[in-house]
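Observations on the three-dimensional arrangement
Here is how the chains run, residue by residue.
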Amino acid sequence: MQTVIQTAVLREIVPSGLTYGIDERRAISERGIPLEVRYITPIDKSLERVWEGRKNSGKNIFNKSGVWRRREALNFLGINTESYEECAANLVSLDGSEGANSGPFRLSNAAQYVGLPSGDVSFLYEGNNPSGSFKDRGTVVVATDGRRHDVKRYIVASTGNTAASMAAVIANEKVGGRYSRDVELIVIIPHGRVATEKLLQAQAYGAKIIQIDGDFDAALEMSRQLREIDPTMYPVNSYNPFRIEGQKTETFDIIEYLKQVPDWIITPGGNLGSTAAIHKALLDMREWGWIGKVPRIAVVNAANANTLELFYNREGVRWNHGDFDVRSVGEFYSELRMERASDRHRKRSTHMSAIDIHYPAEENMMKALRALEDTNGVVTSVTDAEAWEAKAVIDSNGMFMVDLASAAALAGLRRLFRAGNIERGQIVGVRLTGRDKDTGLSARYYNNPRMKHSNVPLQLPNDVEAVKNAIYVQ
Ligand code: F0G
């Protein structure tokens, strides 16, 4: 087997961008351009087989992990990837479970719901991650980077899943004795807008949780202000390039599972870290000569939190090969803020709380624009009603119950197919990003007889006749 010692740098995302040392702890350059991790030497495609082989290779947790079994693709530490001791001394993992059980799943009625042959659509379900969403792939990597800097205080603004995930990782590291007891996670969340179980996880795993008035955007802004006051705080949000390195492994999964590059990858879009991460995987693979074509990325916003859609489809803003006025995102956000000043957008705007985000981090917005341009991508949005219906279709496969934001991806695929963007015969990968942690809300849906897929339990007296009659009712 091959041992790969990668050398990595942080580089601006524009062509011929400025380069920084990998240890610099920065997410943007001094001129405001987002950074990403780049590797100096290409890695060999033969590693694909090594990675596949590791999946079932015994007890080494780093071989089981959907992130670390691909450690050569994100070896920013430059460790000897064949040495278990070096892995254990450096890498953070939720006992090898992150990204380990994602599928793919066929979900034939979901494909049918769209109108596509079942064999052409595959679903990657990230709800089997230990904390229940894809976030675990990125947070273990952030925690790995934080560990080498001996970070004591992490901070995250979240719609719930990232907070739950990072809290889980830190708790697990502390119990394992790899993080000292004084390491803490500060969670900033929008009060009343986070799904019960996401919040509960962060509580149970011991994070310090601060709920503020306002929405996710206010929470993100708050976290940035706090970091200005105390720059030693380490940001967990997905503008952190190391989050993206972890999350990119999901796209390696899709291609490994499908044994081909799909024509499309469909993803819900909130703070747009996922969009950036899908693209990052494709950039790496293309740079290393592993793939010729890239899939088209379709980003699905919630209809009332559709800033990317507005930016891309209505304003026609393009990345333009990096010849991009970095102020435009900020300017557009200011205009939007004026437009939205007194309207409903500042209130809870969708049941898809995971992606109820109006001002995605500017770093991610830029990366998303680049991803769309580079992959000839598209953006759409779906209403809550569409997402609920799509969720019910996915749930009805009996495999799992999904977060409503995950269902947005299926609803978006349906829209794009009907609009003619996606055609019969094309191979599609759909990200199902997390499991349902808003079960109170889902209960309201399934218990509401007016909803198409409602299934209201019958309430009967303890009487065999009554029960029998109900069972055999015509
Ligand atoms: N699906 C789920 C279940 C999510 O939790 C999120 C984001 C997304 C999709 C959207 O991904 O932000 O990369 O575009 N949740 C974040 C959080 C914002 O704080 O947990 P994105």
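Residues numbered from 1 in each chain as written. Predicted model: local features only at pLDDT ≥ 70, side-chain atom pairs only at ≥ 80, totals over all residues. Heavy atoms only, no water.

Our next topic: the site of the ligand. Around the ligand sit 20 residues in total, of which Ser158, Gly270, Asn271, Ser274 and Thr433 are the nearest. Here an oxygen atom of the ligand sits 2.7 Å away from a polar atom, N or O, in the side chain of Ser274. Using a 2 Å cut-off from the grid points, one finds that the ligand occupies the largest cavity. For the shell around the ligand, the secondary structure elements donating two or more residues are helix H6 (161-175) and helix H11 (273-287). A breakdown of the residues in the shell around the ligand according to their chemical character gives seven nonpolar, eleven polar and two charged. (Near = heavy atom within 4 Å. Polar contact = N/O pair within 3.5 Å; in protein donor to acceptor, adjacent residues only side chain to side chain. 1 Å grid on protein atoms, 1.4 Å probe; cavity = no way out; pocket = protein on both sides within 12 Å on 5 of 7 lines; lining within 4 Å. Sits in = over half its atoms within 2 Å of the grid points. Helix = DSSP H or I, 4+ residues; strand = E, 2+ residues; numbered from the N terminus. Nonpolar A, V, L, I, M, F, W, Y, C, P; charged D, E, K, R; others polar.)

Before going further, it helps to spend a moment on empty space enclosed by the protein. Applying the stated rule across the entire model yields eight cavities of 30 Å³ or more. In this structure, the largest cavity spans a volume of roughly 340 Å³. For the largest cavity, the lining is made up of 29 residues, of which Phe134, Lys135, Asn271, Ala354 and Ile355 are closest to its centre. Elements supplying a minimum of two residues to the lining of the largest cavity: H6, helix H9 (241-247) and H11. (Points joined across faces, edges and corners; volume = space filled by probe spheres on them.)

Further remarks concern the sheet that holds strand S3 (residues 35-39). The sheet built from three strands is open, its strands ordered S2-S1-S3 with antiparallel pairing. Edge positions in the sheet fall to strand S2 (19-21) and S3, since each has one partner strand and no second. Across the sheet, the mean angle from the axis of one strand to that of its neighbour is 40°, orientation sign disregarded. Direction of pairing for strand S1 (residues 8-12) relative to S2: antiparallel, over a ladder of three bridges. Among the inter-strand pairings, Leu10 is bridged to a residue of S2, identified as Tyr20. (Pairing = 2+ DSSP bridges. Axes fitted to C-alpha atoms, helices over the stretch in contact; angles between N-to-C directions.)

Taking 1.5 Å as the rise per residue, H6 with 15 residues should run 21 Å; its terminal C-alpha atoms sit 21 Å apart, in good agreement. Of all 15 residues that make up H6, twelve are buried, and the element is covered over most of its length. For H6, every residue scored as buried is listed here: Asn161, Thr162, Ala163, Ala164, Ser165, Met166, Ala167, Ala168, Val169, Ile170, Glu173 and Lys174. Buried residues along H6 sit in contact with helix H5 (135-148), strand S5 (153-157), strand S6 (184-190), helix H7 (196-204) and H9. (Expected span 1.5 Å × (residues − 1). Buried < 20%, exposed > 50% of the residue type's maximum accessible area, 1.4 Å probe, protein only. Contact = heavy atoms within 4.5 Å.)

Unfilled space is identified by rolling a water-sized probe across the atoms. Here the largest pocket defines a volume of roughly 750 Å³. The wall of the largest pocket is formed by 33 residues, among which Ile28, Arg224, Arg227, Tyr239 and Glu363 lie closest to the centre. Counting residues per element, the ones that place at least two in the lining of the largest pocket are helix H8 (216-229), strand S8 (234-235), H9, helix H13 (327-340) and helix H14 (362-375). Here the element with the most residues in the lining of the largest pocket is H8; it accounts for seven residues. Class assignment for the residues of the lining of the largest pocket results in 16 nonpolar, three polar and 14 charged. Volume-wise, the second largest pocket comes out at about 310 Å³. Only S1, S3, H11 and H14 provide two or more residues apiece to the lining of the second largest pocket. For the lining of the second largest pocket, the element with the most residues is H11, which contributes four residues. Tallied by class, the residues present in the lining of the second largest pocket amount to five nonpolar, four polar and nine charged.

Turning next to the side chain of Ser93. With respect to the helices and strands, the residue Ser93 is situated in the loop between helix H3 (84-90) and helix H4 (108-114). The residues touching Ser93, leaving out its near neighbours within four places in the chain, are Ile61, Phe62, Ser65, Trp68, Glu98, Val140, Asn172 and Glu173.

Right, let's talk about the packing of aromatic side chains for a bit. Scanning the model with the defined rule gives 16 aromatic pairs in all. Measuring from centroid to centroid gives 4.4 Å for Phe311 and Phe332, while their planes differ by 15°, and the two rings are stacked. One end of the pair, Phe311, is in helix H12 (residues 307-314); the other, Phe332, is in helix H13, and 21 residues separate them in sequence. An aromatic cluster is built from Tyr39, Trp51, Phe252, Trp288 and Trp290, whose rings are joined through pairwise contacts. (Phe/Tyr/Trp six-rings, centres within 6.5 Å; stacked < 30°, edge-to-face > 60°.)

On to the environment of Glu30. As for its placement among the helices and strands, Glu30 is situated in the loop between S2 and S3. The exposed category is assigned to Glu30, whose relative accessible area is 62%. In sequence terms Glu30 and Ser102 are 72 residues apart; their C-alpha atoms lie 38 Å from each other.

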